[in-house]
Amino acid sequence: METLLQQLINGLTIGSVYALVALGYTMVYGILGLINFAHGDLVMVGALSALQTMMFLMGVAPGMSPIAMLTLALLVAMPVCMMLGFTMERLAYRRLRNAPRLAPLITAIGMSFLLQTIAMILWGRSYHTFPQLISTTPLQPIAGVFITPVQIAILITSALIMVALILLVTRTRVGRAMRATAENHKVASLMGVDTNAVIAMTFVVGAALAAVAGVMFASNYGIAHYGMGFMPGLKAFTAAVLGGIGNLGGAMLGGITLGLVESFGAGYIEDLSFGFLNSSYQDIFAFIILGLVLIFRPTGLLGERVSDRA
Amino acid sequence: MKNTVVAIAIMGMGVSFAQAQEVVKIGGVAPLTGNISHLGKDLENGSRMALEEANAQGIEIGGKKVKFEFIGEDDQADPRVGTTVAQRLVDQDVKGIVGHLNSGTSIPASRIYDQAGIPMISPASTNPTFTQQGFAGVFRTIANDIQQGTAIGQFSVEKLGAKKLAIIDDRTAYGQGLADETEKAAKAAGAEVVAREFTSNNATDFNAILTKIRAANPDVIFFGGMDAQGGPMLRQLKQLGISAKFITGDGGCSPEMIRLAGDGINENVYCSMPGVPLAKMPGAAAFLERYKARFNADVQVYSPYAYDAANALVKAMQAAGSTDPAKYTPEIKKLNFPGVTGTVSFDDKGDIRGGAVTVYQFKGGDWSAM
Amino acid sequence: MNELVAAVPWLGRRNPMAARWLIIVLALAAPLIAMMFGRSWVRVLDFALLYMMLALGLNVVVGFAGLLDLGYIAFYAVGAYTFAFLASPHFGVHWPFWAVLPLGAAFAALAGIALGFPVLRLRGDYLAIVTLGFGEIIRIFMNNLNYPINITNGPQGINMIDPIVLFGWDLSRTLKIGDFTINSLYLYYYFFLLCVAGSILLIQRLQISRIGRAWAAMRDDELAAKAIGINIRNMKLLAFSLGATFGGVAGCLFGAFQGFVSPESFSLMESIAVLTMVVFGGMGNIAGAVVGALVLALLPEVLRDIAVPIQQMLFDRVLLDPEVLRMLLLSLAMILMMLLRPVGLIPAKARYAHPEHLPRKKEARP
């Protein structure tokens, strides 16, 4: 029972990070039909620029309170990622909007490598320790079940951000413009929506989420590295497709589901498969689930029927 | 004034002509990109330093002064790239190789070096099959998985009192090989393996498998893998309230491991390293200092082994009085000199003889030999 | 071949016959030229030929049939492992090359169908992500199937794979004719060249056959293709399995050439590399796949040689290691190529309609 609850906590924590990253993917995909492979690497940039800020702050103001330091780090990391997201869109993706569909995909993959390489030049090849400003000393709400304050902070922050995002998309003018643009660029622009601005806005919001996810990820595990974003990014994209791409609620559901599947899967697959499979298959649960969902429900868990979309 | 300058310049030229230095190229291969590139750079630095020191000493081989030139290549930890760079080094007429890091690149590359008749000494590839291919010029300065795994398994049972052992590996050739040997040795010594879990060499989250291990309640957890995973794994062990003893191999026996583990590391953490403790070797402390001064970085894992490997090549050339691989390769087998990781001498297959393994315990902020 | 001929700058249009001979002479003389720079370049060319075969096969799936496949390297892996199982000490079986090659191709084709069936209904980016997953699944299974029963030898890989032996003639040995010796690398080069030439002929016939035209129709508009009576399901499965066959053959050749296979060789990066070759050269176009593979297989190796001297000349010191520069240039090449010339180096001829001439489907949506 403790094990079950513990796996639930593990799954929820990693799942909410996936969910935050998946939101960025799904927003961009919903509006442009583009898999922004570089989105996962924005997570890395967020974590590393926050790390840089913290190192700087620890140098100039060693006595600063951890919360203030974390906030300042976020306040630097988010604009850095937002600028980067904006630049990517402006310089590369915007020009490719009417190109054959493989072109933006290849560009995005190239962009991902480019970000990793630049990060490698700037921050070196080694793994960095990331200051864990929120305590990682575990609490025991139930005997035998451990949860750390960082994990609690991650769960709360991501829940808050998700609610805020949903409010942004459903209740504000910008959100309405986003939805209109996602529905149909041309018609939206005929209706007076500045679609270019809306698309840029989407990238910027997505990038900000990635920065937060990066800081959460790095705080939880205490490390940062130039290649840390790629795999979580890929899984987050899988989560977005799983939930129904282009659908915000779907991305969250997909992210959490994926986190839980990985966690419970790694924990129980050996018993379930009579010892034939084991935790070495943890990394492909995402893809197997994805395959199954798409075969039986090609639009994902919450996706609406999308007609002939290629 | 002008004349003096010219005169000095002419003298300088005269000196270099008089010596007629022979340039001897030594190839060094390791992954310099990708997720273990920090260890690759570490390896490269070790061999580079050995050759630079040999040059500074002004070594003579067969009565001729030689200058060693280090040629570093990146094999990206990819077998295909490994064979391509191996061929490149052969083309550049290198006389010996220090590398590769991964067994997965060393094995296919060794075939190419063998065809070209060039000896290779790997300071890092621990897969037993590497030296069992029947190639005469293949050596390693690090104990293989069997030697190290046996030592870890026995230590866990006899010294740490493990009755129930949990084993994790990172699904690389290195991690899996070491884990399998450790499992065998531990079972032979009477322990029970209560959990066998797996992760990958780019994972950061181990909570799920650690939770599963916690349910099996082991006394000792062994991890076969590198420091980049081992460090975060220690943090997560603490966060999950697991207090079992933890032991890992040479891939986790680095300062990097301590740094990455943060507050997750304590006196319950052990690691093993092939060779004799650096502190006990004459000249090892000086080696560490010189390394730090030269590269402005700490020794990670493989640079001492690479340093010994490069020195082994140089010493064999000196003994043979020739830089011709065909002439000096047999001399490598006869070597016996004190390196920084222990006495360097090879058995018939090319494995390091003796293959002493030292276990270290985390104590007072650093690894201390037991 | 005709496309390749037309792609020869200047000469191609004026004198196709001369261009054709130029290509043949270049292909035959390439290893001799490469040898002047060192034997490693012959090895690089050998691998470039393998990549050409992969690019040609992937081009069938992506370029002809319009099915975006990000897990193509899985078929390469299936081929390589089939060869390793049946011709190495691992299981102690040493079947002859001619017996294993068709099996490798067949298994890869089966894997292609296995992938094709579940994804029949998926399109575009969905297809991309599922095929990517498929590639990873295959790699991870190869990496893990040594426990509880040892099938693939796991991450240790399979070593000492038999070389290619043609009618008792071992390609891995230096050939001696009198005083004249031919290095094994050349032998492999010419054998691989023969395989690539065969693939080109086959794919060329395929492209202009009924099947090729059906693929083109399906790629350009699936609904319309269905309406004129093309069996979409069969055509898709055929594209996946035929494309996979080339991957499987290339995998067999790779396993035998390298003598060692391990899961590290079949990572996602390799899939992306092959896809980049196809796109870089020009999709839906044989010449594009060939040229793309050649350029992108050679580029990293050229960089290794020139990166350091050029930087020393320009800045007097080495700012970026060659390996960092390689990553930087490759990623920039991918981005800039797509921005400046998205149809690739050699655009496909508009003999059949191509998707790049159509507006994005997004806007065409009702």
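Residue positions are given per chain, counted from 1 along the sequence in the order it is written. All chains are assigned letters beginning at A, and all ligands numbers beginning at 1, according to the order in which they are written. Given that this is a predicted model, residues contribute local features only at a pLDDT of at least 70 and side-chain atom pairs are listed and counted only at 80 or more, while totals for whole chains, interfaces and linings are drawn from all residues. The side-chain numbers reported here are obtained from all heavy atoms of the structure, hydrogens and water having been left aside.

**So, the domain arrangement of chain C**
All names here are of chain C.
Thought 1: Residue ranges assigned to the domains are those given by an automatic or database domain assignment. The domain boundaries assigned to chain C delineate domain 1 (1-36) and domain 2 (37-364).
Thought 2: Centre-to-centre separation of domain 1 and domain 2, based on C-alpha positions: 23 Å.
Thought 3: Any two residues whose heavy atoms approach within 4.5 Å are treated as being in contact. Across the boundary between the two partners, domain 1 contributes 14 residues, which contact 20 residues of domain 2.
Thought 4: The quantity reported as buried area is the accessible area (1.4 Å probe) lost by two parts once they are put together, taken as the sum for both. Counting the surface lost from both domain 1 and domain 2, the interface buries some 1500 Å², and carbon and sulfur atoms represent 65% of this.
Thought 5: By the criterion of area lost to domain 2, the three top residues of domain 1 are Glu3, Pro31 and Met35, representing 40% of everything that side buries.

**A short note on the interface of chain C and chain A**
Thought 1: Listed per partner, the contact involves 51 residues of chain C and 62 residues of chain A.
Thought 2: A pairing counts as a salt bridge when a side-chain nitrogen of Lys or Arg comes within 4 Å of a carboxyl oxygen of Asp or Glu. Across the contact surface, chain C and chain A share zero salt bridges.
Thought 3: A 3.5 Å cut-off defines polar contacts: any pair of N or O atoms within that distance qualifies, except that in protein one atom must be a possible hydrogen donor and the other a possible acceptor, and neighbouring residues in sequence count only when both atoms are side-chain atoms. For the pair chain C and chain A, the number of links is one residue pair in polar contact (both at pLDDT 80 or more).
Thought 4: Labels follow the DSSP assignment, with helices taken as runs of H or I lasting at least four residues and strands as runs of E lasting at least two, numbered in each case from the N terminus. Within the residue set of the side of chain C that touches chain A, elements represented by two or more residues are α7 (124-144), α12 (268-281), α14 (322-340) and α15 (361-364) of chain C.
Thought 5: Considering each element in turn, the side of chain C that touches chain A owes the most residues, twelve residues, to α7 of chain C.
Thought 6: Under this grouping Gly is polar, as are all residues other than the nonpolar Ala, Val, Leu, Ile, Met, Phe, Trp, Tyr, Cys and Pro and the charged Asp, Glu, Lys and Arg. Here the residues of the side of chain C that touches chain A sort into 34 nonpolar, five polar and twelve charged.

**Points about the domain arrangement of chain B**
Residues and elements named next belong to chain B.
Thought 1: Along its sequence, chain B is organised into domain 1 (2-143 + 282-344) and domain 2 (146-274).
Thought 2: Here the C-alpha centroids of domain 1 and domain 2 sit 32 Å apart.
Thought 3: Each side of the interface is counted separately: domain 1 has 14 residues, and domain 2 has 15 residues.
Thought 4: Summed over the three residues of domain 1 that lose the most area to domain 2, namely Ala143, Gln300 and Val301, the buried surface amounts to 33% of that side.
Thought 5: Where domain 1 touches domain 2, the interface holds zero salt bridges.
Thought 6: Put simply, domain 1 and domain 2 have three residue pairs in polar contact (both at pLDDT 80 or more) between them.
Thought 7: A class-by-class count of the residues in the side of domain 1 that touches domain 2 yields nine nonpolar, four polar and one charged.

**Thoughts on the confidence of the model for chain B**
Thought 1: Known as pLDDT, the predictor's per-residue confidence is scaled from 0 to 100. Per-residue confidence for chain B averages 88 on the pLDDT scale, and 94% of its residues sit at or above 70.
Thought 2: The model gives residues 4-18 of chain B a pLDDT under 50, and that stretch makes zero contacts with residues more than four places away or in other chains.

**Some remarks on the interface of chain A and chain B**
Thought 1: Listed per partner, the contact involves 38 residues of chain A and 35 residues of chain B.
Thought 2: When chain A packs against chain B, close to 2900 Å² is buried across both sides, 50% of that on carbon and sulfur atoms.
Thought 3: Taken as a group, Arg125, Tyr127 and Tyr221 of chain A account for 24% of the area that chain A buries against chain B, more than any other trio of residues on that side.
Thought 4: Remark: the boundary between chain A and chain B carries one salt bridge.
Thought 5: Between chain A and chain B we count twelve residue pairs in polar contact (both at pLDDT 80 or more) in total.
Thought 6: A total of six residues in the side of chain A that touches chain B trace back to one element, the largest contributor, which is helix α1 (residues 2-32) of chain A.
Thought 7: Classifying every residue of the side of chain A that touches chain B by side-chain character gives eleven nonpolar, 22 polar and five charged.

**A few points about the sheet that holds strand β6 (residues 138-140) of chain B**
Residue and element names in this part refer to chain B.
Thought 1: Only strands joined by at least two bridges in the DSSP assignment are considered to pair. The sheet built from six strands is open, its strands ordered β2-β3-β1-β4-β5-β6 with mixed pairing. Since the sheet does not close on itself, it has two edges, and those belong to β2 (60-61) and β6, each with one partner.
Thought 2: Of the strand pairs in this sheet, strand β1 (residues 22-30) and strand β3 (residues 64-74) are connected by nine bridges, and their pairing is parallel. Across the sheet, residue isoleucine 26 finds its bridge partner in β3, namely phenylalanine 70.
Thought 3: Contacts from helix α2 (residues 37-57) reach β1, β3 and β4 (96-98), with the element oriented near 170 degrees to β3. Every angle, taken between N-to-C directions, lies between 0 and 180 degrees, and every axis is a line fitted to C-alpha atoms, over only the stretch in contact when it is a helix.

**Looking at helix α7 (residues 207-216) of chain B**
Thought 1: Within α7 of chain B, eight of the ten residues are buried, leaving the element largely enclosed by the surrounding structure.
Thought 2: Two residues or fewer past α7 of chain B, asparagine 217 of chain B is found with a positive phi of approximately 55 degrees. When accessible area is computed with a 1.4 Å probe and restricted to protein chains, residues below 20% of their type maximum are described as buried, those above 50% as exposed, and intermediate ones as partly exposed.

**Things to note about unusual backbone geometry**
Trans peptide bonds make up the majority, and among non-glycine residues the majority have a negative phi.
Residues and elements named next belong to chain B.
Thought 1: The peptide bond linking glycine 99 to histidine 100 adopts the cis configuration, its omega dihedral lying at -5 degrees.
Thought 2: Here histidine 100 lies in the loop between β4 and α4 (103-116).
Thought 3: Of note in the backbone geometry, glutamine 76 takes a positive phi value of approximately 55 degrees without being a glycine.
Thought 4: One can find glutamine 76 in the loop between β3 and α3 (79-91).

**Regarding a nonpolar patch on the surface**
Thought 1: For patch building, the residue pool is restricted to those with more than 30% relative accessible area and no salt bridge; the joining distance is 9 Å between like charges and 5 Å between nonpolar side chains (Val, Leu, Ile, Met, Phe, Trp, Tyr). Per-residue and other accessible areas follow the Shrake-Rupley method at a 1.4 Å probe size, with only the shown protein chains counted as cover for residues. A contiguous nonpolar surface patch, about 670 Å² in accessible area, is contributed by Val302, Ile306, Ile310, Met313, Leu314, Phe315 and Leu319 of chain C.
Thought 2: As for its position among the elements, isoleucine 310 of chain C is in helix α13 (residues 286-315).

**Considering the nonpolar core**
Thought 1: In this structure, Phe37 of chain A together with Ile164 and Leu253 of chain C are the most contacted members of the largest nonpolar core, which totals 236 residues.
Thought 2: In terms of residue count, helix α4 (residues 39-64) of chain C provides more of this core than any other element does, 19 residues in total.
Thought 3: Leaving out residues up to four positions away in the same chain, phenylalanine 37 of chain A has contacts with Tyr25, Leu105, Ala108, Ile109, Ser112, Phe230 and Leu234 of chain A together with Leu70 and Leu132 of chain C.
Thought 4: Formed by 94 residues, the second largest nonpolar core is a distinct cluster that contains Leu39, Leu101, Ala191 and Leu234 of chain B. In this text, buried Ala, Val, Leu, Ile, Met, Phe, Trp, Tyr and Cys residues form a nonpolar core when linked through side-chain atoms within 4.5 Å.

**Looking at the packing of aromatic side chains**
Thought 1: Two rings from Phe, Tyr or Trp (for Trp, the six-membered ring) form a pair when their centres sit within 6.5 Å of each other. Planes less than 30 degrees apart are called stacked, planes more than 60 degrees apart edge-to-face, and all others tilted. Following the criterion strictly, the structure yields 29 aromatic pairs over all chains and no others.
Thought 2: Geometrically, the ring pair formed by tyrosine 76 of chain C and phenylalanine 254 of chain C is tilted, given 5.2 Å between the ring centres and 40 degrees between the ring planes. Of the two residues, tyrosine 76 of chain C is situated in helix α5 (residues 73-86) and phenylalanine 254 of chain C in helix α11 (residues 232-258); the sequence distance between them amounts to 178 residues. By the burial criterion, tyrosine 76 of chain C is buried, and phenylalanine 254 of chain C matches it.
Thought 3: Note on criteria: charge over ring means Lys NZ or Arg CZ within 6 Å of the ring centre, with the direction from the centre no more than 35 degrees off the ring normal. A cation over an aromatic ring shows up here: arginine 80 of chain B above the ring of phenylalanine 47 of chain C, its NZ or CZ 5.5 Å from the ring centre.
Thought 4: Positioned above the aromatic ring of phenylalanine 337 of chain B is the side chain of lysine 315 of chain B, whose terminal nitrogen or guanidinium carbon lies 4.7 Å from the ring centre.

**Comments concerning the sheet that holds strand β10 (residues 245-248) of chain B**
Residue and element names in this part refer to chain B.
Thought 1: One open sheet accounts for seven strands, arranged β8-β7-β9-β10-β11-β14-β15; its pairing is mixed. Looking at strand neighbours, the two that pair on one side only are β8 (192-198) and β15 (366-369), the edges of this open sheet. Sheet twist, expressed as the mean angle between neighbouring strand axes with direction ignored, is 25 degrees.
Thought 2: Where strand β7 (residues 164-169) lies against strand β9 (residues 220-224), five bridges are found, and the strand directions are parallel. Residue leucine 165 lies in a different strand from β9, and its bridge partner there is valine 220.
Thought 3: The strands touched by α7 are β7, β8 and β9; relative to β8, the strand with the most contacts, the crossing angle is about 170 degrees.

**A closer look at the pattern of salt bridges**
Residues and elements named next belong to chain B.
Thought 1: Going through the model one piece at a time under the given rule, you end up with 31 salt bridges over all chains.
Thought 2: Its salt-bridge partner being lysine 292, residue aspartate 298 comes within 3.5 Å of it at the nearest N-O pair.
Thought 3: Exposure remark for lysine 292: the relative accessible area of 40% places this residue in the partly exposed category.
Thought 4: Glutamate 331 is the partner of lysine 334 in a salt bridge, and the nearest nitrogen-oxygen pair spans 3.3 Å.

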